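# An overview of the molecular structure
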Amino acid sequence: MAMVFAFGFFIKRPKFALMIYIVMTIGFLLLAIPNIIMEANGNPAIEKMGINTSLGAMEGKEIRIGAAASGFWTIVTTVISTGSVNSMHDSTMPLSGMNELLAMMTNSFYGGVGVGILNIFIYIILAVFIAGLMVGRTPELMGKKIEAREMKIAMIVALAHPFIILGGTALAAAFPSFGSAAISNPGFHGFSQILYEYTSSAANNGSGFEGLGDNTPWWNISTGIVLLFGRFIPIIGPVAIAGLLAQKKYIPESAGTLKTDTATFGLMIFVVIVIIAALAFFPALALGPIAEHFSLY
Amino acid sequence: MSTPKNTSLFQPELAKEALSQLLLNSIQKLCFAIPSCFGMGRNTRNALCRALDFIRATGQGSFAYNFTVFVVLFFTLLFANFAEAIAEARGKAQADSLRKTREETPAKLDNGQIVSSSSLRKGDIFICTAGDIIPTDGEIIEGLATIDESAITGESAPVIREAGGDKSSVTGGTKVLSDKIKVAVTTQPGESFLDKMIALVEGASRQKTPNEIALTILLAGFTLVFILVCVTLKPFADYANTPITIAAFISLFVCLIPTTIGGLLSAIGIAGMDRALRANVITKSGKAVETAGDIDVLLLDKTGTITIGNRKATKFHLAQGVDEKQFVKSAVLSSASDDTPEGKSILELAGISPHSYPIENPRFIKFTAETRSSGIDFENTRIRKGAGDAIRSLCEKSGNVFPKEVEEIITNISSNGGTPLVVSENEKVLGVIELQDIIKPGIQERFERLRKMGIKTVMVTGDNPLTAKYIAEKAGVDDFIAEAKPEDKMNYIRKEQAEGRLVAMMGDGTNDAPALAQADVGVAMNSGTQAAKEAGNMVDLDNDPTKLIEVVEIGKQLLMTRGALTTFSIANDVAKYFALVPALFVASIPAFQTLNVMRLHSPESAILSAVIFNAIIILLLIPLALEGVSYKPIGASALLRRNLFIYGLGGIIAPFIGIKLIDLLISIFI
């Protein structure tokens, strides 16, 4: 989080940094609050068995932490790349699992320690481009023009994330003898396990739906490759863009320049993040957590 | 261009032209240029194969369903091409009307020989007399003529062109109305202005602009994401035991990829140049139009742009002890032979004709740069009219005192932006005529509009700084260059560019050419010299200096239309997901019915509705792509809010309604 403010300090635009921070926080809260509620409400399947779930969905959770705090931490740990857990994510409610996945898929609501700004930076470039066109000006960010080369890099980085997650998951699903054999729960939840494993690797998170028996050569090697791509592409790309932008001429702001530190632009960034995440991962999420959710209720 | 100006959006003959063009296009290229269209083309063929393979394939749904999906996808492809074809057809219609004027015209050479216009080479000299059509572009080297340029400009009033000076160039295809001129050819055959215009409107010289390339990359990226989504969905679905038909896969893919904007992208670009053309501005490239939208600084000549061409006499100031009637008489007589608009305005202000004064043997003294005064001599009277210091030296030389109060009047007039003209009779000052620049009505509002767009306006004038400042303030321009020499313009442009601003200017003279070339957008007037026209990247056929403002708006509109349609296209996907994803899985997982928020009739009708909507929306958006999103100078943030609301939110909501309606229609048949 400090990175966001350091960024604002160095480019001398604290308001821009604050706007980014607010976008991140809104995203974080939209994921964390439902999780707290869902975990605290408990599991209807267990309730049907006649067990009292007034403490919430306690499967896989420590009694001293409780359902609500555990639900909160599932999101904290997935939006930043710590990967530490205080409850079993595998046992959280299906849609809580989806939110954990979304936190890592967007990978930009705060983001990892030291690199948190990198992923949202890419979304900002995309948002600036579309918004810039909409106000009838060649898009500019911080007084620098966003042109074809920057767009190319931004698109590659934005593509890399879904590519390695969906690609890895598809391979594991297609060859059950290697991948899905390790799944502890067949069906939709099993699919979520695979998806989570690759998402966690791509986002450099480290947590897992640990019902998956993943200490096999297949899992170690494939997630290792995903991890390498997932770590370095989002670092190289934005640094390359920064280099390209640094070479460009500074264009002073005028009344026709799109202000990047406004609530409208914040909304624009948020919409871009949501739409890219939603568009790329919606079908996969539908077959995993969403399908599981419907089978529960 | 008189005919194309009336070109309505869907003229029957245009539509016919577009249709034939369309079929040709579809066969020829199958949209290879735009990646998302490329995907679409391939998949339509796949669907065709699928439908034909139907007999062998099992579990792929009924033949009718597959065939309908195929037909709809085929139409999606056609519609996308139709947009481009109709934009091109509009250009073609204009090109044809131009070509008519270019048809072989005889040219009479210097030595009396008559040759055809196509055999004229650069450097050849031909002669045109009244009634002749000028065979090709050239520069007048001898003579003066009135020329009807309506074929090019649509303006019916004839213009005067003469050798030397800034109005010496003639355009092929225009008609000489009077007199005789000798013209040197300035272009090689096939490269004349008319040829360039024809090539341009036909799209032959259209290149992708940097913004267009960046947008294509963005769209290609989205297309790749959706290829990935569709490809990986297959193993996912197999794993979850929810088989998905191939028709459904293809429909999903075609619906998700940004076909709407992909299909309209080139149409938008062509339409942008077309709009410029309808404003009677010829752009040498599409890039120039786009750059115009980014302009930060606008250099405008004072005369003709900010003020109506000429100064007008607005007031007579009398020196002490002078009778008004006597002063008016002198003023009128001194202007009797003065044909300049200033001179005429003096007569106008006085309201008396010089002929009403009986004078004998008048001798008119012409204005020269040396005396800086003009006047009239008759009998024993010498009336002079001129700049303050010129008359002062005249008076003082003959021993008369230049009155103090006249001195004061002169300073007053100057500081109010006026020009003082002192009148003297027999070396005695009678009074001062005040000439004022008349600022064009409505120009303040235009500058206000430009300021809201974030454009700084700079007035260029040869006036002294005092006058310039006054007019600049009165007209509401942000800055001015006074006592401007051609190199001042150049330096100003360089200075602004060094600070990263984009500068546009308009000019006509040869001495404007370097500045026109240096400016990011240089608009040359069609009446200007060949050098100016070569240097600029746009040519304004109307010679209207305020045209720059329109050009800027066209550029902005072009970018906005792209941005708005991209947003709309991508926002559409949200609703399409809600239509398609439940439809794909509901057969195996009935619980997905809850996700079917639109309550679509059946999975088949859901898929069909989505693809039909996808095809229809392209057709519906063609007018928008061609006419452009309306531009309002309300500031960037307000504009973003407005467009985000209309095309973002609208893009999310519209397909929900559209798909539901189509589904209701379809459910009648299925």
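Treat the numbers as computed from the prediction; the structure is a model and nothing was measured. (Residues numbered from 1 in each chain as written. Chains lettered and ligands numbered in written order. Predicted model: local features only at pLDDT ≥ 70, side-chain atom pairs only at ≥ 80, totals over all residues. Heavy atoms only, no water.)

## Some details on the overall build of chain A
Scanning chain A for helices and strands turns up 10 helices and two strands. The order of α-helices and β-strands along chain A, N terminus first, is α-α-α-α-α-α-β-β-α-α-α-α. In terms of overall dimensions, chain A is globule-like: its C-alpha atoms have a radius of gyration of 20 Å, near the 19 Å expected for 297 residues. Overall, the C-alpha framework of chain A stretches about 65 × 40 × 30 Å when taken along its three principal axes. Each of the 297 residues in chain A was classed as buried or not, and the buried ones make up 63%. For chain A, the exposed area adds up to about 11300 Å²; of that, 71% sits on carbon and sulfur atoms. (Helix = DSSP H or I, 4+ residues; strand = E, 2+ residues; numbered from the N terminus. Rg over C-alpha atoms; globule rule 2.2 N^0.38 Å. Buried < 20%, exposed > 50% of the residue type's maximum accessible area, 1.4 Å probe, protein only. Areas by Shrake-Rupley, 256 points an atom, 1.4 Å probe, with all protein chains shown as cover.)

## Here we look at the overall build of chain B
For chain B, the helix and strand inventory stands at 22 helices and 21 strands. Per-residue burial for chain B yields a buried fraction of 56% across its 670 residues. By sequence separation, contacts in chain B at least 24 residues apart represent 69% of the contacts at least 6 residues apart. In the structure as shown, chain B presents an accessible area of about 26900 Å², 58% of it carried by carbon and sulfur atoms. (Contact = heavy atoms within 4.5 Å.)

## Observations concerning the interface of chain A and chain B
Every contact between the two is made by 61 residues of chain A and, on the other side, 60 residues of chain B. Of the roughly 5000 Å² buried between chain A and chain B on both sides combined, carbon and sulfur atoms contribute 78%. Remark: the boundary between chain A and chain B carries zero salt bridges. In this structure, the connection of chain A to chain B is made through three residue pairs in polar contact (both at pLDDT 80 or more). (Buried area = accessible area lost by both parts, 1.4 Å probe. Salt bridge = Lys/Arg side-chain N within 4 Å of Asp/Glu carboxyl O. Polar contact = N/O pair within 3.5 Å; in protein donor to acceptor, adjacent residues only side chain to side chain.)

## Considering the packing of aromatic side chains
According to the stated counting rule, one finds 10 aromatic pairs over all chains in the structure shown. Their ring planes at 75° and their centres at 5.4 Å tell us that Phe9 of chain A and Phe10 of chain A sit as a pair that is edge-to-face. Across this residue pair, the class does not change: Phe9 of chain A and Phe10 of chain A are exposed. Put simply, the rings of Phe282 of chain A together with Tyr577, Phe578 and Phe656 of chain B touch in pairs and so form one group of aromatic residues. (Phe/Tyr/Trp six-rings, centres within 6.5 Å; stacked < 30°, edge-to-face > 60°.)

## Here's the deal with a nonpolar patch on the surface
Together, Phe645, Ile646, Leu649, Ile653, Ile657, Leu661 and Leu664 of chain B line one region of the surface with nonpolar side chains, adding up to about 660 Å² of accessible area. Position of Phe645 of chain B among the secondary structure elements: in helix H22 (residues 636-669). (Patch = residues over 30% accessible without salt bridge, like charges linked within 9 Å, V, L, I, M, F, W, Y side chains within 5 Å.)

## Some thoughts on the environment of Leu141 of chain A
Mapped onto the elements of the fold, Leu141 of chain A is located in strand E1 (residues 140-141). Leu141 of chain A has contacts with Phe16, Phe121, Ile124, Ile125, Val128, Ile146 and Thr260 of chain A, leaving out every residue within four places of it along the chain.

## Digging into the state of the cysteines
Chemically, a disulfide is nothing more than a covalent bond linking the sulfur atoms of two cysteines. All names here are of chain B. With the rule as written, the count across this model stands at zero disulfides over all chains. Cys230 takes part in no disulfide bond, and the closest cysteine sulfur to it belongs to Cys255, at a distance of 9.8 Å. Residue classification places Cys255 among the buried residues on the basis of a relative accessible area of 0%. (Disulfide = S-S within 2.5 Å.)

## Structural notes on the sheet that holds strand E18 (residues 479-481) of chain B
Residues and elements named next belong to chain B. With mixed pairing, seven strands are arranged side by side in an open sheet as E9-E21-E20-E19-E10-E17-E18. The sheet is open, and its two edges are formed by strand E9 (281-283) and E18, each paired on a single side. Adjacent strand axes in the sheet meet at a mean angle of 20° when their direction is disregarded. (Pairing = 2+ DSSP bridges. Axes fitted to C-alpha atoms, helices over the stretch in contact; angles between N-to-C directions.)

## Topic: unusual backbone geometry
At Asn107 of chain A, a position not held by glycine, the phi torsion is positive, near 55°. Mapped onto the elements, Asn107 of chain A comes out in the loop between helix H5 (94-106) and helix H6 (116-134).

## Points about the confidence of the model for chain B
With 78% of its residues at a pLDDT of 70 or more, chain B shows a mean pLDDT of 73. The low-confidence segment residues 26-42 of chain B, where pLDDT is below 50, has 32 contacts with residues more than four positions distant or belonging to other chains. (pLDDT = per-residue confidence, 0-100.)

## As for the packing of helix H10 (residues 263-296) of chain A against helix H7 (residues 210-239) of chain B
Following both chains from N to C, one finds H10 of chain A and H7 of chain B inclined at 5°, their axes separated by 10 Å at the closest point. What the angle tells us is that H10 of chain A and H7 of chain B run roughly parallel. Across the interface between the two elements, Ile276, Leu279, Ala280, Pro283, Ala284 and Leu287 of chain A from H10 of chain A touch Phe222, Val225, Phe226, Val229, Leu233, Phe236 and Ala237 of chain B from H7 of chain B. By residue class, the composition of the contact of H10 of chain A with H7 of chain B is 13 nonpolar, no polar and no charged. (Parallel < 35°, antiparallel > 145°, perpendicular 65-115°, else oblique. Nonpolar A, V, L, I, M, F, W, Y, C, P; charged D, E, K, R; others polar.)

## As for the packing of helix H8 (residues 188-202) of chain A against H10 of chain A
When two helices pack together, their arrangement is given by the angle between their axes and by how far apart the axes lie. Residue and element names in this part refer to chain A. Axis separation between H8 and H10 bottoms out at 8 Å; the angle between their running directions is 140°. Considering their axes alone, H8 and H10 lie oblique with respect to each other. Seen along the crossing, H8 lies across H10 with a hand that is left-handed. Of the residues in H10, those touching H8 at Phe188, His189, Phe191, Ser192 and Leu195 are Ala284, Leu285, Leu287, Gly288, Pro289, Ala291, Glu292 and Ser295. Residue composition of the contact of H8 with H10, grouped by class: eight nonpolar, four polar and one charged. (Left-handed = near helix turned anticlockwise from the far one by under 90°.)

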